[in-house]
Amino acid sequence: MTGQIRSDGAASHQGVNLETAEPARWREACRDALDNGGRFCGAFADESGAGRSWSAMFTRQSGTTVITTLASDDGLPTIVDLIPSAEWDEREAHDLCGLELRGHEPLRPLVAHPRETSGWTHPVEGEGVNQVAVGPVHAGVIESGHFRFHVVGERILLLDLRLFYKHRGLERAAEGQEINGGLAYAQRACGACAVANSVAYALACETAQGMTSPAATRRARTLLLELERLYNHLNDIGTICAGVGFAPGTMAFAALKERAMRLNEVLTGHRFMFGSIQVGANRIEVPRSTADQIRAQLRELQQDAAGAWREIQFAGSVQARLDGVGVLDHEMAVELGAVGPTARASGVSLDARSESPGLWYGDSFTAVVQPAAKGDVAARLEMRALELEVTFSILDELLAQPVLPAASSRSGAASPLGVARVESPRGESVCVVKADSNRVQRMHLRTGSYANWPALVHATTGNLLPDFPLINKSFELCYACVDR
C-alpha cells in the first residue's frame, strides 16, 4: 500500500514534448494523443505571441505532450466530445480570450457572469420542480460560490455551479515578471496548496531553463509537499465529521491539524509555508537536532491520529451517514478527469507522485488503492486516512537526515515552454510557464480543485439536498484557486 521514496542520485525533470498542429488537424492531433495512451491534463489559450494560440496537454509516464494550434477568427472545433474533461477549459478560454469552439453547444459562460440566470444554468422543467439557491455569500470565511439546485421535494435533479466571482488576474499579473517574481502569483492562488502550486511553478520554470535540481532540493520540496498534505488530510477528515454532526471527530482532527501547522511554522516560519519554495534553489535548512525533534513529534501525531480515526470507524451513526452518499463511479471519474483522493476513492489509480522525477518520490511509488473503491463519501473519507499512513512514512524517512540548502544547475538546453505536474492534497496540479530570457511571458495554473469541481456536480445528482454539505466536504475543493 505504501510507496517507497528514491535513494540518493541525480534526477531529470518531467520531459516536455512540444507539437504544432494545423487548425484543420486539431481534433485529429488530440485524438492521436489519446490513442497513444495520453491522458488529458488541461488546455490553455495564449495571446502573448504572434496571434492567439490554443494548446492541449496530454501526459504519459515519460512526460507531457503539449499540442498547439493557432486560432482564427472563426474559431476551432471543440474536443469536448472526445474529452469531456476539457469542458471547463474551453468555456474559460471563450470567456477570457474570446476563443470560439465550434460544436461546443451550448457554450455556456464559466468565468463571465451574465445577468440572466438562464444564461448560465441548464433548463429543467416538470411538475414539482423548484430551484434552491445557495450563496454566493456563505457563512464563515470561504470564498464566494453559488450553488443552484434543481429539486423535486428534497431530491436533487441537477446542480448548476457558478464560481469565478473574484477573478484576481493572477496569471495576467505574472506576465512580464522576473522568473522568481512570478512565483508569488502561483503561491497565492490557494493558501492550502501554496507549496504544491509553488513547486509546480518552480519545476516548470526550471524545465524551461534547462535546470536540474540536486538531491537536497528534491528532498526539501518533497518534505514540504508531504507536510502540506498532512495538515490538509487531517483537516478534511475533521470537516467530513462536521458534515454529519460528529463533534468529537471534528474537534479531534481540528486539534491534530493545528499541531501539524505548528510544525510547519517551526520548519519554515509560516503555518502555510509561504516563501518556502524558490526557483532554482532550496533555502530551507533543517539541522539533524531539529529533524529528530520534528520526527518524534510526527510519530506522536501519527499515534494520536490513528486513535481518533478508530473512534470514527466504530461510530455507527457516523458510518451510516456516509455509505452510498455522493457516489462518483469509476467510469465517470475517468470521463470527467477527476484527480487526487477523489479519483482514487473511485478506483482510479492515478497519483502524480509516481511520475515526479523532479522530486524525491521513487519509481516504485504506487498510489494507495482501496480494496473496494465505492466512490462515495465513505470511500473519500477512508482514502484520506489511508494516505495519511503513506505521508507519515515518507516524512519519517525524509527527516532521518538533515535538510540542507542547495542550488540547481543548468544541465540542458532551454525550452520555450516548461510544464510540471505536482500532486497537491486535492490532486494533480499542472503549471505551464512560457519564458523569454528571465521573464514570464505566460503562466497557467490548473489545480486539482479546478479538475474536480465538475465531478462534484455529477456526484451530487440524485442525492438529497440536506446531504449536499456532506458531499461538498468530502471533496473539500478550493474556490480561490479556480478564481485565478
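Refer to the structure presented above.
Predicted model only: the values in this text are computed from it and were never measured.

Basis of the calculations
- All chains use their own residue numbering, which begins from 1 and follows the written sequence.
- Residue-level local features of this predicted model are given only where pLDDT is at least 70; pairs of side-chain atoms are given and counted only at 80 or more, and the full residue set underlies all totals for whole chains, interfaces and linings.
- Hydrogens are left out, water is left out, and the side-chain values use all remaining heavy atoms of the structure.
- In this description a helix means any DSSP run of H or I spanning at least four residues, a strand means any run of E spanning at least two, and both kinds are numbered starting from the N terminus.
- As defined in this context, the radius of gyration uses C-alpha atoms, and a globule is described by 2.2 Å times the residue total to the power 0.38.
- Here's how the labels work: a residue is buried when its accessible area is under 20% of the maximum for its type, exposed when over 50%, partly exposed in between, all with a 1.4 Å probe on protein chains only.
- Two aromatic rings from Phe, Tyr or Trp, using only the six-membered ring of Trp, form a pair when their centres are within 6.5 Å; if the ring planes differ by under 30 degrees the pair is stacked, by over 60 it is edge-to-face, and anything between is tilted.
- We call a charge positioned over a ring when the NZ of a Lys or the CZ of an Arg lies within 6 Å of the ring centre and within 35 degrees of the ring normal.
- Throughout, nonpolar core names a set of buried Ala, Val, Leu, Ile, Met, Phe, Trp, Tyr and Cys residues whose side chains join them through atoms within 4.5 Å.
- Here, two residues are considered to be in contact whenever any of their heavy atoms come within 4.5 Å of each other.
- A pair of strands counts as paired when DSSP detects no fewer than two bridges linking them.
- Angles run from 0 to 180 degrees between N-to-C directions of axes, and those axes are lines fitted to C-alpha atoms, restricted for helices to the stretch in contact.
- Should a side-chain nitrogen of Lys or Arg be within 4 Å of a carboxyl oxygen of Asp or Glu, the pair is scored as a salt bridge.
- What a helix is expected to span follows from its residue count: subtract one and scale by 1.5 Å.
- Polar contacts, as used here, are pairs of N or O atoms within 3.5 Å; protein pairs need one atom able to donate a hydrogen and one able to accept it. Residues neighboring in sequence count only if both atoms are side-chain atoms.

Asker: Is there a simple way to explain the overall build of the protein in this structure?
Answerer: In terms of regular secondary structure, the protein is built from 14 helices and 16 strands. Taking 2.2 N^0.38 as the reference for a compact globule, 484 residues should give roughly 23 Å; the C-alpha atoms of the protein span a radius of gyration of 22 Å, in line with that estimate. Across its three principal directions, the C-alpha atoms of the protein cover 65 × 60 × 35 Å. Classification of the 484 residues of the protein by burial places 57% in the buried group.

Asker: Help me understand the packing of aromatic side chains in this model?
Answerer: Given two aromatic rings, their pairing is described by the distance between the two centres and the angle made by the two planes. Going through the model one piece at a time under the given rule, you end up with 12 aromatic pairs. On the basis of an interplanar angle of 85° and a centroid distance of 5.3 Å, the ring pair of Trp88 and Tyr450 is categorised as edge-to-face. A residue pair is termed long-range when its members are at least 10 positions apart, and Trp88 in helix α2 (residues 87–97) and Tyr450 in helix α13 (residues 448–460) qualify at 362 residues. Of the two residues, Trp88 and Tyr450, neither departs from the other in class, the shared state being buried. A ring pair is formed by Tyr231 and Phe272, whose centres lie 6.1 Å apart and whose planes are at 80°; its orientation type is edge-to-face. With a gap of 41 residues between them, Tyr231 in helix α6 (residues 215–243) and Phe272 in the loop between α7 (247–268) and β11 (281–282) connect regions that are remote in the sequence. Chaining the aromatic ring pairs together yields one cluster made of Phe147, Phe149, Trp453, Phe468 and Tyr479. The ring centre of Trp360 lies 5.2 Å from the NZ or CZ of Arg219, which sits over that ring. A cation over an aromatic ring shows up here: Arg353 above the ring of Tyr361, its NZ or CZ 6.0 Å from the ring centre.

Asker: Would you take a moment to explain the nonpolar core for this structure?
Answerer: It is characteristic of soluble globular proteins that their nonpolar side chains tend to be buried jointly. The biggest cluster of nonpolar side chains holds 121 residues, and the ones touching the most others in it are Tyr201 and Trp453. Leave out the neighbours within four places in its chain, and Trp453 touches Trp88, Phe147, Leu161, Leu163, Asn472, Leu477, Cys478, Tyr479 and Val482. Counting residues in hydrophobic clusters, the runner-up holds 21 residues, among them Trp26, Ala29, Leu99 and Leu101.

Asker: Can you walk me through helix α14 (residues 468–475) in this structure?
Answerer: One turn of an α-helix holds 3.6 residues; hence residues three or four places apart share an orientation. Extensive coverage of α14 is indicated by the burial of 6 of its 8 residues. Of all the positions in α14, only Phe468, Leu470, Ile471, Asn472, Ser474 and Phe475 are classed as buried. Remark: Glu476 follows α14 within two positions and exhibits a positive phi of approximately 50°.

Asker: I'm lost on the sheet that holds strand β9 (residues 155–162) in this one. Help?
Answerer: Strand pairing in a sheet is mediated by backbone hydrogen bonds. Such pairs are either parallel or antiparallel. Spatial strand order, β7-β8-β9: 3 strands in an open sheet with antiparallel pairing. Looking at which strands have only one partner, the edges of the open sheet turn out to be β7 (129–134) and β9. The sheet shows a mean angle of 20° between the axes of neighbouring strands, taken without regard to direction. Strand contacts of α13: β8 (146–152) and β9, with the helix running at about 160° to β9, the strand carrying the most contacts.

Asker: Would you take a moment to explain the pairing of strand β3 (residues 53–60) for this structure?
Answerer: Regular strands place their side chains on alternate faces of the sheet. For β3, the tally of buried residues reaches 7 of 8 residues, placing the bulk of the element in the interior. The antiparallel pairing of strand β2 (residues 39–46) with β3 creates a hairpin that spans 6 residues between the two strands, and Gly51 there sits at a positive phi of about 85°. Of the strand pairs in this sheet, β3 and strand β4 (residues 63–70) are connected by 8 bridges, and their pairing is antiparallel. Among the inter-strand pairings, Ser53 is bridged to a residue of β4, identified as Leu70.

Asker: Mind showing me how you'd approach unusual backbone geometry here?
Answerer: With the exception of glycine, the majority of residues adopt a negative phi angle, and the majority of peptide bonds are in the trans configuration. Pro106 follows Glu105 through a cis peptide bond whose omega is -10°. Looking at the element boundaries, Pro106 is found in the loop between β6 (101–102) and β7. Residue Pro136 is bonded to the preceding Gly135 through a cis peptide linkage, with omega at 10°. Counting through the fold element by element, Pro136 comes out in the loop between β7 and β8. Even without being glycine, Glu476 reaches a positive phi, approximately 50°. In this structure, Glu476 sits in the segment after α14.

Asker: Would you mind showing me how to read the pattern of salt bridges here?
Answerer: For side chains bearing opposite charge, pairing can occur when the charged atoms are close. Scanning the model with the defined rule gives 31 salt bridges in all. Arg344 is the partner of Asp351 in a salt bridge, and the nearest nitrogen-oxygen pair spans 3.5 Å. Neither residue differs from the other here; Asp351 and Arg344 are each classed as buried. For Arg344, the salt bridge is made with Glu387, and the minimal N-O distance between the two is 2.6 Å. With Arg344 in helix α11 (residues 340–344) and Glu387 in helix α12 (residues 377–398), this residue pair connects regions lying 43 residues apart in the sequence.

Asker: Whenever I open this one, α7 confuses me. Can you help?
Answerer: Counted at 1.5 Å a residue, the expected span for α7 with its 22 residues is 32 Å, and the 31 Å between its end C-alpha atoms agrees. In the segment just after α7, Gly269 is the residue with positive phi, at about 85°.

Asker: When you look at the pairing of β9 in this model, what are you seeing that I'm missing?
Answerer: Bridge count between β8 and β9: 7 bridges; the pairing is antiparallel. If you follow His150 over to β9, its bridge partner there is Leu158. In this antiparallel pair of consecutive strands, β8 and β9, the connection spans 2 residues, and Gly153 shows a positive phi of 65°.

Asker: Looking at this structure, how should I read the sheet that holds strand β14 (residues 417–424)?
Answerer: In spatial order, the strands read β14-β15-β16; together these 3 strands make up an open sheet with antiparallel pairing. Two strands close off the open sheet at either side, each with one partner strand: β14 and β16 (439–446). When strand polarity is set aside, the average angle formed by the axes of neighbouring strands in this sheet is 20°. Bridging between strand β15 (residues 427–436) and β16 involves 7 bridges; their strand directions are antiparallel. For Val433, the partnering residue across the bridge sits in β16 and is Met443.

Asker: Is there a simple way to think about the environment of Gln278 in this case?
Answerer: Considering the arrangement of structural elements, one finds Gln278 in the loop between α7 and β11. Judged by relative accessible area, Gln278 falls into the partly exposed class, the value being 31%. Along the sequence, Gln278 and Lys473 sit 195 residues apart, while their C-alpha atoms lie 32 Å from each other. Each residue touching Gln278, except ones within four places of it in the same chain, is listed here: Leu183, Ala202, Glu206, Arg221 and Arg283. At 3.5 Å, the side chain of Gln278 forms a polar contact with the side chain of Arg283.

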